[in-house]
Amino acid sequence: MAKRGLGKGLGALFGEEVTLEENAAVKEEKPSAVEKKEKGKTSSGTGNGKKAEKIIVEKIVEKPVEQKLKVSLIEPNGTQPRKNFDEAALQELADSIKTYGVLQPLIVQKKDSHYEIIAGERRWRAAKLAGLTEVPVMIREYDKQKTMEIALIENVQRADLNPIEEAQAYQRLIQEFHLTQEEIAARVSKNRATVTNSMRLLKLDDRVQQLLIDEKISSGHARALLGLENGERQFQTAQKIVEERLSVRDVEKLVKLLNRPEKPKKEAETGPDINLIYRQIEDKLKSIMGTKVLINRKDKNKGRIEIEYYSQEELERLIEMMESIARQ
């Protein structure tokens, strides 16, 4: 559901009341002016009896007019931060448009032989799905930076962007228009820390970013993975999150564990002679049991022996063998 208050955010950004839900915005037209001349005698006592003219200039203030445009004349905006549209949600909106029409006009601007969408691409796509040939629009003129900012603000306030799209939009505003994080935060009505944390997601491995886009991991999971500097380790841990359905707290603990420096093992415990002895014992047990046997050492005096079996019959065979050994 669209969030209200969008117009207020846009008005605060550009110093004018731009309301997407209500046609209440105003635009000053220049230099069309009406001049009224009011003649009267001067009160300053010039002595020559001449009359002074007082000119009052009134500006014409016009409300932007909502009008209809053919869907075929409208094209998406190349700077639109949103790249992914949920097909199911889009179809739901299209079904609603078939019944009630497009309730909120698109904001567009003239671009060569067509009109470019500033805000409302999702409504435009849904209108095409619904089979509409015309949609309501309001035509405006903005430069490239303001066009992108409006598109970003609309999507952020409606929570329409996935976390990576939002971070990429912030990055573009910094790289292309040299805005600071503080300026971006003010424009989208968020605090600076939120913008900073959003942009940090772009440091993740590309494969992890895609898992976040696909909603297989959450933003909380992704932020926890930032604690791992190695991209491959980030991806492996992300796969573990998906496979084992780990919580964010579980991931935080796992990242701490992975970042813990390994304790150097004593030479006496890791020397080739010790390893060789244990491998020989494993081979001997394997020959006796007729199946794979592993010895897992915890320390010098403790460990665990694992005997593998691959069927119920094999398990029963191993039990009988151990019982016969015990009776001897």
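Cut-offs and rules
- Residues numbered from 1 in each chain as written.
- Predicted model: local features only at pLDDT ≥ 70, side-chain atom pairs only at ≥ 80, totals over all residues.
- Heavy atoms only, no water.
- UniProt positions renumbered as here; feature names shortened; annotations may be inferred.
- Helix = DSSP H or I, 4+ residues; strand = E, 2+ residues; numbered from the N terminus.
- Buried < 20%, exposed > 50% of the residue type's maximum accessible area, 1.4 Å probe, protein only.
- Areas by Shrake-Rupley, 256 points an atom, 1.4 Å probe, with all protein chains shown as cover.
- Core = buried A, V, L, I, M, F, W, Y, C linked by side-chain atoms within 4.5 Å.
- Contact = heavy atoms within 4.5 Å.
- Phe/Tyr/Trp six-rings, centres within 6.5 Å; stacked < 30°, edge-to-face > 60°.
- Lys NZ or Arg CZ within 6 Å of the ring centre and 35° of its normal.
- pLDDT = per-residue confidence, 0-100.
- Salt bridge = Lys/Arg side-chain N within 4 Å of Asp/Glu carboxyl O.
- Pairing = 2+ DSSP bridges.
- Axes fitted to C-alpha atoms, helices over the stretch in contact; angles between N-to-C directions.
- Parallel < 35°, antiparallel > 145°, perpendicular 65-115°, else oblique.

- UniProt, in its Sequence similarities (unreviewed entry) section for the protein, records the words "Belongs to the ParB family."

**What about the overall build of the protein?**
In step 1: Counting secondary structure elements, the protein contains 14 helices and 9 strands.
In step 2: Going through the 328 residues of the protein one by one, you find that 34% of them count as buried.
In step 3: If you sum the accessible surface of the protein, you get close to 21,700 Å²; carbon and sulfur atoms cover 48% of it.

**Overview of the nonpolar core**
Within soluble globular proteins, side chains that are nonpolar generally end up buried alongside one another.
In step 1: Within the largest apolar cluster, 19 residues are counted, with the highest numbers of intra-cluster contacts made by Leu-201, Leu-204, Val-208, Ile-217, Leu-225 and Val-251.
In step 2: At the level of elements, α8 (206-213), α9 (219-225), α10 (231-244) and α11 (248-259) are the ones that each hand at least two residues to this core.
In step 3: Dropping the residues within four chain positions of it, Leu-201 is found in contact with Pro-163, Ile-164, Gln-209, Leu-212, Ala-222, Arg-223 and Leu-226.
In step 4: If you look at the next biggest cluster of nonpolar residues, it comprises 18 residues, including Phe-85, Val-108, Ile-117 and Trp-124.

**Let's talk about the packing of aromatic side chains**
In step 1: For the structure on display, the rule yields 0 aromatic pairs.
In step 2: Of note, Lys-110 hangs over the ring of Tyr-115, and the distance from its end group to the ring centre comes to 5.2 Å.
In step 3: Over the ring of Tyr-278 we find Arg-297, and its NZ or CZ is 4.6 Å from the ring centre.

**Points about the confidence of the model for the protein**
In step 1: For the protein, the mean per-residue pLDDT works out to 77, and 74% of the residues sit at or above 70.
In step 2: Note that residues 1-47 has pLDDT below 50 and, in this model, 86 contacts with residues that lie over four places away or in other chains.

**Quick look at the pattern of salt bridges**
In step 1: Inspection of every chain in the model, using the stated rule, returns 9 salt bridges.
In step 2: A salt bridge links Lys-240 to Glu-244; the shortest N-O distance between them is 2.9 Å. With Lys-240 and Glu-244 both in helix α10 and 4 residues apart, this pair spans about one turn of that helix.
In step 3: Judged by its relative accessible area of 45%, Glu-244 falls in the partly exposed class.
In step 4: As a salt-bridge pair, Glu-306 and Arg-304 come within 3.0 Å of each other at their nearest N and O atoms.
In step 5: Overall, the relative accessible area of 28% leaves Glu-306 in the partly exposed class.
In step 6: Classification of Arg-304 by relative accessible area gives partly exposed; the value is 42%.
In step 7: Through salt bridges with shared partners, one network takes in Asp-205, Arg-207 and Glu-232.

**Examining unusual backbone geometry**
Trans peptide bonds make up most of the peptide bonds, and negative phi angles are found at most residues other than glycine.
In step 1: In this structure, His-178 is a non-glycine residue whose phi angle is positive, near 60°.
In step 2: The backbone phi angle of Ser-189 is positive, close to 60°, even though this residue is not glycine.
In step 3: Classification of Ser-189 by relative accessible area gives exposed; the value is 57%.

**Quick notes on the sheet that holds strand β4 (residues 74-75)**
Pairing between sheet strands relies on hydrogen bonds along the backbone, with the strands arranged either parallel or antiparallel.
In step 1: Spatially, 5 strands are ordered β3-β7-β5-β6-β4 in an open sheet, and the strand pairing comes out mixed. Both edges of this open sheet fall to β3 (67-70) and β4, since each of them pairs with a single strand only.
In step 2: Pairing of β4 with strand β6 (residues 114-119) involves 2 bridges; the strand directions are parallel. Along β6, the bridge assignment pairs Ile-74 with Tyr-115.

**Re the packing of helix α5 (residues 163-177) against helix α7 (residues 192-200)**
In step 1: With their axes 8 Å apart at the nearest point, α5 and α7 run at an angle of 105° to one another. In terms of orientation, α5 lies roughly perpendicular with respect to α7. Across the interface between the two elements, Pro-163, Glu-166, Ala-167, Tyr-170, Gln-171 and Ile-174 of α5 pack against Val-195, Ser-198 and Met-199 of α7.

**With respect to the environment of Ser-189**
In step 1: Here Ser-189 shows up in the loop between α6 (181-187) and α7.
In step 2: Placed 36 residues apart in sequence, Ser-189 and Ile-153 show a C-alpha to C-alpha distance of 8.8 Å.

**Considering the pairing of strand β8 (residues 293-297)**
In step 1: The pairing of β8 with strand β9 (residues 303-307) spans 5 bridges and is antiparallel. Bridged to Asn-296 within β9 is Arg-304.
In step 2: Taking the residues that link successive antiparallel strands as the turn, the β8-β9 hairpin has 5 residues.

**Digging into the environment of Leu-132**
In step 1: Looking at where Leu-132 falls in the secondary structure, it is placed in the loop between α3 (121-129) and β7 (134-139).
In step 2: C-alpha of Leu-132 to C-alpha of Val-102: the two residues are 30 residues apart in sequence and 9.5 Å apart in space.
In step 3: Among all residues touching Leu-132, those that are not within four sequence positions of it are Val-71, Ile-97, Val-102 and Ala-127.

**So, the side chain of Ser-198**
In step 1: Checked against the element boundaries, Ser-198 lands in helix α7.
In step 2: For Ser-198, a relative accessible area of 10% gives the class buried.
In step 3: Excluding residues within four positions of it along the chain, Ser-198 makes contact with Pro-163, Glu-166, Ala-167 and Tyr-170.

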